Amino acid sequence: MDRRKVVLITGASSGLGRAAAGLLASSGYVVYGTSRNPASSFSDNFNMLKLDVRGDDSVKACISEVINKEGSIDLLVCNAGYVLSGAVEEVSMSEAKEQMETNFFGVARVVSAVLPHMRENRAGRIIIISSVAGMIGLPYHAYYSASKYALEGYAEALSREVHDKGICVSLVQPGFFRTNIAGAAALAEKVVMAYHKQKGRAMDIFHDSVASGKTPEELALLIKRIADSDSPKLRYMNAGSARWILMLRPLIPQRMFEYVLSRCTGI
Ligand SMILES: NC(=O)c1ccc[n+]([C@@H]2O[C@H](COP(=O)([O-])OP(=O)(O)OC[C@H]3O[C@@H](n4cnc5c(N)ncnc54)[C@H](OP(=O)(O)O)[C@@H]3O)[C@@H](O)[C@H]2O)c1
């Protein structure tokens, strides 16, 4: 009988991570999800571990625990993240660094800790949850976009480094999904009134788009499809109408693209 594959999913206390963890667990994978407060996000079909992706020690302890129990991690899903909202002029450097620390360095920290084990096994899958905001600079979410753009370049380079070592890297670019992401968003502390009105409109559209987005279970199906695939691609997008806007981008004049985008973002 085949050994059950072991999956580690960061940020599995809610939203996309939780849905993916639940689906993979019910499909026969041995799943470890993580949260900064695992006790408050218990699940009866997958294991929950404590992890704060911002800390080297926390990452080391979490990975060691899975390796000690299971002997390997076959699939890593780097999903933990949050949104920082605010005009560039309003965001302090410490707020901006915090965003990068979780969304970008948090991924890099976990990947660096898992890679030696995958390399030793000459096998492994890494799925990194990026965003459509990693393809389009989202106004009033510049640092969130920057963190996802950073992941795009990082994952592309990584996939080329590890492909001959039996490790596949994939980026998932979701559009809007109905999760806690808008409710959990951090707001820049400083307020510059000159941006107030436009930011308000952009934020309303962001909140409405999340509230009317697809279900997390739909993205979980895509993650399972990548996990099950014999030869996963580098990029997968599940972005509804944003997909068409992105496809139009190289085909229409820049000004027209900006017009379409302004209608979508409320600016
Ligand atoms: N929902 C969307 O429309 C959408 C669209 C594009 C991309 N995404 C991406 O999808 C991923 C998941 O977001 P979601 O929509 O599912 O949001 P969510 O419901 O707010 O879930 C975020 C998860 O990230 C974890 N997390 C946050 N900071 C963390 C940290 N420092 N260390 C460890 N875990 C941390 C949270 O766990 P704890 O708080 O329990 O630690 C939680 O489980 C994010 O990377 C997000 O950028 C979402």
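Scroll up to find the structure this text is about.
Conventions used here
Residues numbered from 1 in each chain as written. Predicted model: local features only at pLDDT ≥ 70, side-chain atom pairs only at ≥ 80, totals over all residues. Heavy atoms only, no water. Pairing = 2+ DSSP bridges. Helix = DSSP H or I, 4+ residues; strand = E, 2+ residues; numbered from the N terminus. Axes fitted to C-alpha atoms, helices over the stretch in contact; angles between N-to-C directions. Contact = heavy atoms within 4.5 Å. Near = heavy atom within 4 Å. Polar contact = N/O pair within 3.5 Å; in protein donor to acceptor, adjacent residues only side chain to side chain. Areas by Shrake-Rupley, 256 points an atom, 1.4 Å probe, with all protein chains shown as cover. Nonpolar A, V, L, I, M, F, W, Y, C, P; charged D, E, K, R; others polar. Left-handed = near helix turned anticlockwise from the far one by under 90°. Phe/Tyr/Trp six-rings, centres within 6.5 Å; stacked < 30°, edge-to-face > 60°. Buried < 20%, exposed > 50% of the residue type's maximum accessible area, 1.4 Å probe, protein only. Lys NZ or Arg CZ within 6 Å of the ring centre and 35° of its normal. Expected span 1.5 Å × (residues − 1). Arc of directions from axis to C-beta. Salt bridge = Lys/Arg side-chain N within 4 Å of Asp/Glu carboxyl O.

Novice: How would you summarise the sheet that holds strand β7 (residues 167–174) if you had to cite specific residues and measurements?
Specialist: The strands that make up a sheet pair up through hydrogen bonds in the backbone, lying either parallel or antiparallel. Spatially, 7 strands are ordered β3-β2-β1-β4-β6-β7-β9 in an open sheet, and the strand pairing comes out parallel. With one partner strand each, in any of the chains shown, β3 (47–50) and β9 (235–238) form the two edges of the open sheet. In this sheet, adjacent strand axes meet at a mean angle of 20° when their direction is disregarded. Note: strand β4 (residues 75–78) against strand β6 (residues 124–129), 4 bridges, orientation parallel. Bridging across to β6, L76 finds its partner in I126. In this fold helix α4 (residues 105–121) packs onto β4, β6 and β7, with an angle of close to 175° to the strand it touches most, β4.

Novice: If you had to explain the site of the ligand to someone new, which residues and values would you point to?
Specialist: Neighbouring the ligand are 28 residues, the closest being S13, S14, S35, Y144 and T179. A distance of 2.7 Å is found between an oxygen atom of the ligand and a backbone nitrogen or oxygen belonging to R36. In the complex, 93% of the free accessible area of the ligand, which totals 880 Å², lies under the protein chains. For the shell around the ligand, the per-class residue count stands at 11 nonpolar, 13 polar and 4 charged.

Novice: Hey, could you go over the environment of A39 for me, with residue numbers and the actual values?
Specialist: Relative to the elements of secondary structure, A39 occurs in the loop between β2 (30–35) and β3. Separated by 82 residues in the primary sequence, A39 and N121 have C-alpha atoms spaced 32 Å apart.

Novice: Which residues make up the packing of helix α3 (residues 93–103) against helix α5 (residues 142–162), and what values go with them?
Specialist: The interhelical angle for the contact between α3 and α5, taken along N-to-C directions, is 35°, at an axis separation of 9 Å. As α3 packs across α5, the resulting crossing turns out to be right-handed. In contact with M93, A96, Q99, M100 and N103 of α3, α5 contributes Y143, Y144, A146, S147, K148, A150 and L151. Class assignment of the residues belonging to the contact of α3 with α5 gives a composition of 8 nonpolar, 3 polar and 1 charged.

Novice: Give a description of the packing of aromatic side chains that names residues and reports values.
Specialist: Enumeration according to the criterion identifies 4 aromatic pairs in this entry. Here Y140 and Y195 contribute two aromatic rings whose centre-to-centre distance is 6.4 Å and whose plane-to-plane angle is 70°, an arrangement assigned as edge-to-face. Of this pair, Y140 sits in the loop between β6 and α5 while Y195 sits in the loop between β8 (186–187) and α6 (196–211); the two residues are 55 residues apart in sequence, bridging distant segments of the chain. Y195 gets classed as partly exposed once you look at its relative accessible area, which sits at 26%. What links up through ring pairs into an aromatic cluster is the set F104, F105 and Y154. Taking the ring centre of Y236 as reference, the NZ or CZ of K233 above it sits at 4.9 Å.

Novice: Mind laying out α6, listing which residues take part and the relevant values?
Specialist: With 16 residues, α6 should cover 22 Å at 1.5 Å per step; its first-to-last C-alpha distance of 22 Å lies within 8% of that length. Three or more residues of α6 are buried, namely K199, A202, M203, F206, S209 and V210. Along α6, the residues classed as buried sweep out an arc of 125° about the axis, all on the same side. Of the exposed residues in α6, those oriented more than 90 degrees away from the buried face are K197, D208 and A211. Packed against the buried residues of α6 are β5 (84–85), β8 and α9 (254–265).

Novice: Lay out the pattern of salt bridges in plain terms, naming residues and giving numbers.
Specialist: Applying the stated criterion across every chain yields a total of 13 salt bridges. When the shortest N-O distance is used, the salt bridge between K199 and E90 registers 3.0 Å. Here K199 is found in helix α6, whereas its partner E90 is found in the loop between β5 and α3, with 109 residues between them in sequence. Residue E90 is classed as buried on the basis of its relative accessible area of 2%. Among the charged side chains, a network of salt bridges with common partners joins E152, E156, R160 and R235.

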